Amino acid sequence: MKFFKETDVVVIGGGIVGTAILRELSKYEISCLLVEKEPDLSIGTTKANSAVCHAGFDAPTGSWKQKTNVRGNELYHQLQDDLDLDIRWTGSLVVATTDEELQQLQILLERGKANGVKGLVILTREEVLAKEPNLTTAKAALWAPTAGVLWPFGCAIAFAQCAVQNGAQVIRDCAVTGFVKEDGAVTVVNTTKGAIRTKAVINAAGIYAEEIARLAGDDSFTITPRKGEYILFDKTAAPSLVWGIVFPCPTEKSKGILVCTTTHGNTFIGPNAQDQDSKEDTAVTPAGMDEIIAGARRLIPNLPLGASITEFAGLRAVSDTGDFVLGASKVPGFFNAAGTQSPGLSAAPAIAEVLAEAVGKEIYMRKKTNWNGKLPKKKAFNRMGSSEKQKAIAENSLYGRVICRCETVTEGEIVDAIRQPVGACTLDGVKRRTRAGMGRCQGGFCGPRVTQILARELQIPVSQVLKERKNSCLYYEKFAPEEDK
Ligand SMILES: Cc1cc2nc3c(=O)[nH]c(=O)nc-3n(C[C@H](O)[C@H](O)[C@H](O)COP(=O)(O)OP(=O)(O)OC[C@H]3O[C@@H](n4cnc5c(N)ncnc54)[C@H](O)[C@@H]3O)c2cc1C
């Protein structure tokens, strides 16, 4: 049999969990590669969520969710500097607005202490208002100082870049279609690009983890999609709303509809929690919008709904085990990092440690002595001071050309994002690496110019530039924007 690749470990799925695992594996003297079915990383659940690095008081004590959340939160505090991750350590509040909810705060506090979460305390109404003056309905709140807001796509891409810098490979546009077993153990991964010979496979396929497990002969869990919808507000509305992360008291299904301000200063509200059959349907619905507006108004009565700039939805991968499904399966050579609903973002670096340890029990893995865990630091143009901007333009004149006016993103940054390791190859890939198209106009103005830059850099016709997924071309040849002089 002719193999497209031969490697020690294949990671399936380029979301935050798969990329974190790839980075962890790159610490060892083994060969490893990640396959992602889409043209870019981070376009599954990792692209649409609340972006909160949870403190870790929600999950039941002793569960995988609890252990990996608390450890993951600690790891992000270290990783922020190493990988230049965009994280605001704002702390989070769980707000009680009724007397019954006051008791819930006490339960969360006790559980948080048992879970090993540091610094938890219940604040009085006055203390809450001193932190968040708009929480006028609050009676009290649980304060978790270790929580933060992160930039999920940036984290996943940084994990992948760090792995690649240490010898791992990332193969995009490469869907897993099946497995070959020898003596019961998975030894070959069939993909749309060819067969890959391997010693171990890690299933980090998010919402599709059940299908991948079934292909390997593991039927130990199911995954149900649970949709969560959001509304994102323009930056001008944000300062008057909330500074950090504000949750209501949780429900059985979710942590509730929160109000939160992102790392870049946009406030958002959401998510709701609707189970559904489809693993592809991420459409927002009028009923969903009404639900999240009503939920958020319980916390902040005066929402600036006129300042909404987009709505979106993500799908939680809910496993029937009630917990993350982590580690070796009953099929030799096949491992799961599945059921990664919230707090999967927060837990990803710790999930990666669990998986590396599990794989290390089946194949010999020795730590590298020359592993490089640092990525170069890069400041966004719109966060530079005047003299830094002048210097950047003097070094590369493309930094003097603003392409995205809403977010002040320059051509220099867009070109860097395309040329960097695991670089952008789609319009949304540029958006998630640079923020071009994430502002008030949502790419209405800069989209055609970014498309031209992508076409030039990738040396393809404008009509072949993708928005995000396969076949998402933006222009027919006849209507393509002309060469920008
Ligand atoms: C509404 C909502 C709110 C959330 N809020 C938070 C939060 O605030 N904090 C938090 O910690 N977590 C949160 N989460 C959870 C978090 O977003 C997820 O845990 C995390 O993004 C899961 O990452 P993943 O890598 O497992 O999955 P994904 O990001 O979905 O990645 C899986 C990847 O596998 C690929 N794939 C699938 N099938 C194949 C195949 N056959 N071949 C190759 N590749 C394949 C997919 O294309 C995809 O890119 C939230 C989730 C939702 C939906």
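Residues numbered from 1 in each chain as written. Predicted model: local features only at pLDDT ≥ 70, side-chain atom pairs only at ≥ 80, totals over all residues. Heavy atoms only, no water.

Some thoughts on the overall build of the chain
For step 1, the next point in the chain: If you tally the helices and strands in the chain, you get 12 helices and 24 strands.
For step 2, the next point in the chain: By its C-alpha atoms, the chain is 70 × 60 × 45 Å across when sized along the principal axes.
For step 3, the next point in the chain: Buried residues in the chain amount to 58% of all 485 residues.
For step 4, the next point in the chain: In the chain, once contacts between residues fewer than 6 apart in sequence are set aside, the share between residues at least 24 apart is 70%.
For step 5, the next point in the chain: Counting only carbon and sulfur atoms, one obtains 51% of the accessible surface of the chain, whose full area is about 20,300 Å².
For step 6, the next point in the chain: Each charge class in the chain was averaged separately, 58 positive and 55 negative side chains, and the resulting centres sit 3 Å apart. (Helix = DSSP H or I, 4+ residues; strand = E, 2+ residues; numbered from the N terminus. Buried < 20%, exposed > 50% of the residue type's maximum accessible area, 1.4 Å probe, protein only. Contact = heavy atoms within 4.5 Å. Areas by Shrake-Rupley, 256 points an atom, 1.4 Å probe, with all protein chains shown as cover. Lys, Arg positive; Asp, Glu negative; His and termini not counted. Charge placed at Lys NZ, Arg CZ, Asp CG, Glu CD.)

What about the packing of helix α1 (residues 16-25) against helix α8 (residues 344-360)?
For step 1, the next point in the chain: Interaxial distance between α1 and α8 falls to 8 Å at its minimum, and their mutual angle equals 40°. As judged from the angle between their axes, α1 and α8 are oblique. Between α1 and α8 lies a crossing whose hand is right-handed. Packed against α1, whose contacting residues are I16, V17, A20, I21, E24 and L25, the element α8 presents G344, L345, A348, P349, I351, A352, E353, L355 and A356 at the interface.
For step 2, the next point in the chain: In terms of residue class, the contact of α1 with α8 is built from 12 nonpolar, 1 polar and 2 charged. (Axes fitted to C-alpha atoms, helices over the stretch in contact; angles between N-to-C directions. Parallel < 35°, antiparallel > 145°, perpendicular 65-115°, else oblique. Left-handed = near helix turned anticlockwise from the far one by under 90°. Nonpolar A, V, L, I, M, F, W, Y, C, P; charged D, E, K, R; others polar.)

Looking at the environment of F179
For step 1, the next point in the chain: Within the fold, F179 resides in strand β11 (residues 176-182).
For step 2, the next point in the chain: Note: C-alpha distance between F179 and K379 (200 residues apart in sequence) is 43 Å.
For step 3, the next point in the chain: F179 has contacts with I12, V186, V188, V189, N190, V201, I212, L215, A216 and F334, leaving out every residue within four places of it along the chain.

Section: the domain arrangement of the chain
For step 1, the next point in the chain: Taken domain by domain, the chain consists of domain 1 (1-86 + 148-222 + 320-377), domain 2 (87-147 + 224-314) and domain 3 (381-479).
For step 2, the next point in the chain: For domain 1 versus domain 2, the separation of C-alpha centres amounts to 28 Å.
For step 3, the next point in the chain: Here domain 1 and domain 2 share an interface that buries about 2,800 Å² over both sides, 59% of which is from carbon and sulfur atoms.
For step 4, the next point in the chain: Sorting the residues of domain 1 by area buried against domain 2 places S50, F57 and V149 first, and these three jointly supply 25% of that buried surface.
For step 5, the next point in the chain: Inspection of the region where domain 1 meets domain 2 yields 2 salt bridges.
For step 6, the next point in the chain: Between E211 and K279 there is a salt bridge; the shortest N-O distance is 3.0 Å.
For step 7, the next point in the chain: Elements supplying a minimum of two residues to the side of domain 1 that touches domain 2: β4 (52-53), α2 (64-83), β9 (148-150) and α6 (209-216).
For step 8, the next point in the chain: Counting residues per element, the side of domain 1 that touches domain 2 draws most heavily on α2, which supplies 7 residues.
For step 9, the next point in the chain: Grouping the amino acids of the side of domain 1 that touches domain 2 by side-chain chemistry returns 16 nonpolar, 13 polar and 5 charged. (Domains from an automatic or database assignment. Buried area = accessible area lost by both parts, 1.4 Å probe. Salt bridge = Lys/Arg side-chain N within 4 Å of Asp/Glu carboxyl O.)

A closer look at the nonpolar core
Nonpolar side chains tend toward joint burial in soluble globular proteins.
For step 1, the next point in the chain: One finds I21, L25 and Y76 to be the most contacted residues of the largest nonpolar core, which totals 51 residues.
For step 2, the next point in the chain: Among the elements that make up this core, the one with the highest residue count is α8 (11 residues).
For step 3, the next point in the chain: With residues near it in sequence (within four places) discarded, L25 still touches V9, V11, I30, C32, I202, A356 and M365. (Core = buried A, V, L, I, M, F, W, Y, C linked by side-chain atoms within 4.5 Å.)

Considering the pattern of salt bridges
For step 1, the next point in the chain: Within the structure shown, the criterion is met by 39 salt bridges.
For step 2, the next point in the chain: A salt bridge links E407 to R435, with the nearest nitrogen and oxygen atoms 2.8 Å apart. Taken together, the positions of E407 in the loop between β23 (402-404) and β24 (409-410) and R435 in the loop between α11 (427-434) and α12 (447-458) put the pair 28 residues apart, joining distant regions of the chain. Pair check on accessibility: E407 and R435 agree, each one buried.
For step 3, the next point in the chain: With a shortest N-O distance of 3.5 Å, R469 and E468 are connected by a salt bridge.
For step 4, the next point in the chain: For E468, a relative accessible area of 10% corresponds to the buried category.

Focus on the sheet that holds β9
For step 1, the next point in the chain: With antiparallel pairing, the 3 strands of this open sheet are ordered in space as β4-β9-β5. Looking at the sheet topology across the chains shown, the edges are occupied by β4 and β5 (87-88).
For step 2, the next point in the chain: One ladder, built from 2 bridges, connects β5 with β9; its direction is antiparallel. For I87, the partnering residue across the bridge sits in β9 and is L150. (Pairing = 2+ DSSP bridges.)

Points about the site of the ligand
For step 1, the next point in the chain: Neighbouring the ligand are 40 residues; E36, T46, V52, T340 and S346 lie closest to it.
For step 2, the next point in the chain: Between H54 and the ligand, the recorded distance is 3.2 Å, taken from a side-chain N or O atom to a nitrogen atom.
For step 3, the next point in the chain: Taking V176, its main chain carries an N or O atom lying 2.9 Å from a nitrogen atom of the ligand.
For step 4, the next point in the chain: Those elements that provide at least two residues to the shell around the ligand are α1, β15 (223-233), β20 (308-319) and α8.
For step 5, the next point in the chain: Class assignment for the residues of the shell around the ligand results in 19 nonpolar, 17 polar and 4 charged.
For step 6, the next point in the chain: Residue contributions to the shell around the ligand reach at least three from each of two domains, namely domain 1 (1-86 + 148-222 + 320-377) and domain 2 (87-147 + 224-314). (Near = heavy atom within 4 Å. Polar contact = N/O pair within 3.5 Å; in protein donor to acceptor, adjacent residues only side chain to side chain.)

What to know about α6
Because an α-helix packs 3.6 residues into every turn, residues spaced three or four apart end up facing the same way.
For step 1, the next point in the chain: Regarding α6, the residues found buried are A209, E210, I212, A213 and A216. The buried residues of α6 occupy an angular sector of 165° when the element is viewed end-on, so they sit on one face.
For step 2, the next point in the chain: Buried residues along α6 sit against β2 (9-12), β11, β12 (185-191), β14 (200-203), β15 and β22 (334-338).
For step 3, the next point in the chain: Phi turns positive one or two residues past the end of α6, at G217, with a value near 95°. (Arc of directions from axis to C-beta.)

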